[in-house]
Amino acid sequence: MPSALPEILFLGTGTSSGVPVIACACDTCRSSDPRDTRTRTGAAVRWTDDSGHPRVVLLDAGPDLRTQALRHDLWRADAILFTHNHVDHLFGLDDVRRFNVAMRSPIDIYAEERVWEALHRVYKHVFDRASNINDSFVADLIERRIADPDGANTPDPRSGRLPAAQGGSAVPIDIHGMRFTPVRLLHGHLPILGFRIEPVPGTDLARRALASAHNPFPFAWCTDTSAIPPKSWLPLTGLRALALDGLRHRSHPTHFNLDRAVDAAARLGADQTWLIHIAHEVLHARDEPDMPEPVRFGIDGLVLSCDQPPRIETGPGRSQPVPPVDRRSPDDPQPVRVEPEDEPS
Ligand SMILES: [Zn+2]
Ligand SMILES: [Zn+2]
Ligand SMILES: [Zn+2]
């Protein structure tokens, strides 16, 4: 059961192809260490609101969402916030129709205009239900548009359309006592969103989270990031915890590699940083010791909660502590790495 205070559940921490990848015999893809199995990246924020209702907000809905929902016994999604429209972040949207049934209510979907264009194209059967030949079991979703967090009144480069809402800094999205503030990130040339997440300031939920022993809020979710624009550093200050793209050792045009993620994590200064969107080049036990304090590798099922140290939820009601990391100093013997072939990620 979700705790009353908010917590972050890392549903998946893998890159677009998932790990292990199909048709690969590298050390990671053949690893028996469960930390080397990474479903597609996404997260859930779980809490109980002031009136005692359990709440769940999903960050993206990737192709492994069904598996992830079953593993963690998710029965609802009050809202889904999309970071961008790549298929590894939205091809699980069809499966949320089961949440509609369980909750008996529609789901609020928050996305930027550019993402909505993709959602309408891919999920025509959901958003243009009247044109389906047979009436079928499709998700019941409410369209909500996220304004450009830069407040720029500039048209979208592809559609030529203005953002639906304009002006000022990022407009926070408040959902049942939790605040999700969109933050502009760059994924190669593609502008995408990260989210700063915290209880709405001044509320009882905020006060109780603040007084808790392991409060991870403010928390930020920054997947698929290759650059943080200058204006976005401010909304990412003062973080207790951060999830940040850290794809692999070698550089990549649209993702932070480990070195760049470590640099960005140091500049952001969160108390704890967990890398996500990790590819099969990274072997957890071999490579995590090279990360400097306080950077660690995300793990599928990782839970950052207010009242317990970070733990791994392995199934409904089952969890175990995150094993400690024995960090390697540059003087220690370095591991031998055989890099898998280069491929797009
Ligand atoms: Zn991705
Ligand atoms: Zn592999
Ligand atoms: Zn992407």
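Up top is the structure these notes are about.
The shown structure was predicted, so the numbers you read here are calculated from the model rather than taken from an experiment.

1. Topic: the overall build of the protein
Next up, step 1: What the protein contains, in helices and strands, is eight helices and 16 strands.
Next up, step 2: Over its C-alpha atoms the protein spans a radius of gyration of 19 Å, differing by no more than 12% from the 20 Å that the globule rule assigns to 345 residues.
Next up, step 3: By principal-axis analysis of the C-alpha atoms, the protein measures approximately 60 × 45 × 40 Å.
Next up, step 4: Residues classed as buried in the protein amount to 44% of the 345 residues present.
Next up, step 5: Of all intrachain contacts in the protein linking residues separated by at least 6 positions in sequence, the fraction that spans at least 24 positions is 63%.

2. As for the environment of T223
Next up, step 1: By the secondary structure assignment, T223 is in the loop between β10 (219-222) and β11 (241-245).
Next up, step 2: Residue classification places T223 among the buried positions, given that 27 C-beta atoms sit within 10 Å.
Next up, step 3: Along the primary structure T223 and Y123 are separated by 100 residues, whereas in three dimensions their C-alpha atoms are 23 Å apart.
Next up, step 4: Leave out the neighbours within four places in its chain, and T223 touches T41, T83, D245, I276 and H277.

3. Looking at the pairing of strand β16 (residues 318-321)
Next up, step 1: Looking at chain direction, strand β15 (residues 311-315) and β16 are connected through four bridges and run antiparallel. Residue pairing across strands places E313 opposite S319, the latter belonging to β16.
Next up, step 2: Counting the residues between successive antiparallel strands, the hairpin from β15 to β16 contains two residues, one of them, G317, with a positive phi of roughly 75 degrees.

4. As for the sheet that holds strand β13 (residues 295-297)
Next up, step 1: Taken in spatial order, the seven strands line up as β7-β8-β9-β10-β11-β12-β13 in an open sheet, and their pairing is mixed. Either end of the sheet is taken by a strand with one partner, and the two such strands are β7 (173-175) and β13. Recorded for the sheet is a direction-independent mean angle of 25 degrees between the axes of neighbouring strands.
Next up, step 2: Note that β11 and strand β12 (residues 272-276) share five bridges and pair parallel. Looking at β12, one finds that D245 is bridged to I276.
Next up, step 3: Packed on one face of the sheet, helix α7 (residues 258-268) meets β11, β12 and β13 and runs near 155 degrees to β11.

5. Overview of α7
Next up, step 1: Among the residues of α7, those classed as buried are L258, A261, A264 and A265. Along the axis of α7, the buried residues cluster in a sector spanning 125 degrees; they form a single face. Residues of α7 that are exposed and point more than 90 degrees away from the buried face comprise D259, D263 and R267.
Next up, step 2: For α7, the elements touching its buried residues are β11, β12 and β13.
Next up, step 3: At the exit of α7 stands G269, carrying a positive phi of roughly 70 degrees.

About the criteria used
- Residues numbered from 1 in each chain as written.
- Chains lettered and ligands numbered in written order.
- Predicted model: local features only at pLDDT ≥ 70, side-chain atom pairs only at ≥ 80, totals over all residues.
- Helix = DSSP H or I, 4+ residues; strand = E, 2+ residues; numbered from the N terminus.
- Rg over C-alpha atoms; globule rule 2.2 N^0.38 Å.
- Buried ≥ 20, exposed ≤ 12 C-beta atoms within 10 Å, placed from the backbone.
- Contact = placed C-beta atoms within 7 Å.
- Pairing = 2+ DSSP bridges.
- Axes fitted to C-alpha atoms, helices over the stretch in contact; angles between N-to-C directions.
- Arc of directions from axis to C-beta.

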